[in-house]
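# Summary of structural features
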Amino acid sequence: MLNRLSPGRPSDGEAEVRYLDADIRILRPGTFVRCAVTGEAIPLDDLKYWSVARQEAYSGPPQVLRRLHAERYKALLARVT
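Residues numbered from 1 in each chain as written. Predicted model: local features only at pLDDT ≥ 70, side-chain atom pairs only at ≥ 80, totals over all residues. Heavy atoms only, no water.

## Examining the overall build of the protein
The helix and strand inventory of the protein stands at two helices and six strands. N-terminal to C-terminal, the α/β element order of the protein is β-β-β-β-β-β-α-α. Counting every position in the protein, which comprises 81 residues, the buried fraction comes to 23%. At a minimum sequence separation of 6, the contacts of the protein that also span at least 24 residues come to 22%. Of the roughly 5700 Å² of accessible surface on the protein, a fraction of 51% belongs to carbon and sulfur atoms. (Helix = DSSP H or I, 4+ residues; strand = E, 2+ residues; numbered from the N terminus. Buried < 20%, exposed > 50% of the residue type's maximum accessible area, 1.4 Å probe, protein only. Contact = heavy atoms within 4.5 Å. Areas by Shrake-Rupley, 256 points an atom, 1.4 Å probe, with all protein chains shown as cover.)

## Structural notes on the pairing of strand β1 (residues 16-19)
Consecutive side chains along a regular strand alternate between the two faces of the sheet. Residue alternation in β1 divides its side chains into a buried set, V17 and Y19, and an unburied set, E16 and R18. As judged from the four bridges shared by β1 and strand β2 (residues 24-28), these two strands associate in the antiparallel manner. Its bridge partner lying in β2, Y19 is registered against I24. Taking the residues between adjacent antiparallel strands as the criterion, β1 and β2 are bridged by four residues. (Pairing = 2+ DSSP bridges.)

## Quick notes on the environment of G30
With respect to the helices and strands, G30 occurs in the loop between β2 and β3 (32-34). Exposure remark for G30: the relative accessible area of 5% places this residue in the buried category. In this structure the C-alpha to C-alpha distance between G30 and D12, which are 18 residues apart in sequence, comes to 5.4 Å. Excluding its chain neighbours within four sequence positions, the residues that come into contact with G30 are S11, G13, E14, A15 and L44.

## Structural notes on the pattern of salt bridges
Under the counting rule described, the total for this entry stands at four salt bridges. Taking the shortest distance from any N to any O, the salt bridge between E16 and R28 comes out at 3.3 Å. Within this pair, whereas E16 is found in strand β1, its partner R28 is found in strand β2, the two being separated by twelve residues in sequence. Classification of E16 by relative accessible area gives partly exposed; the value is 37%. The partly exposed category is assigned to R28, whose relative accessible area is 43%. (Salt bridge = Lys/Arg side-chain N within 4 Å of Asp/Glu carboxyl O.)

Pasting the structure below:
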């Protein structure tokens, strides 16, 4: 799963992460990464959504849809409102 046992003591700050196909590699220890869409902090233990191609994290499915499928997101919002 997560490569959290990096040398040294993890800091409480933002981690630098390399996003892989089914895992992540921690390049700089920390406790969270930022959502590429909202900017909110995502604790590493809760990180489930990311893009390998874009090398960015997302806080949930709506943010993935909004970032990677903008037209579908707009259509979905139009149907809901």
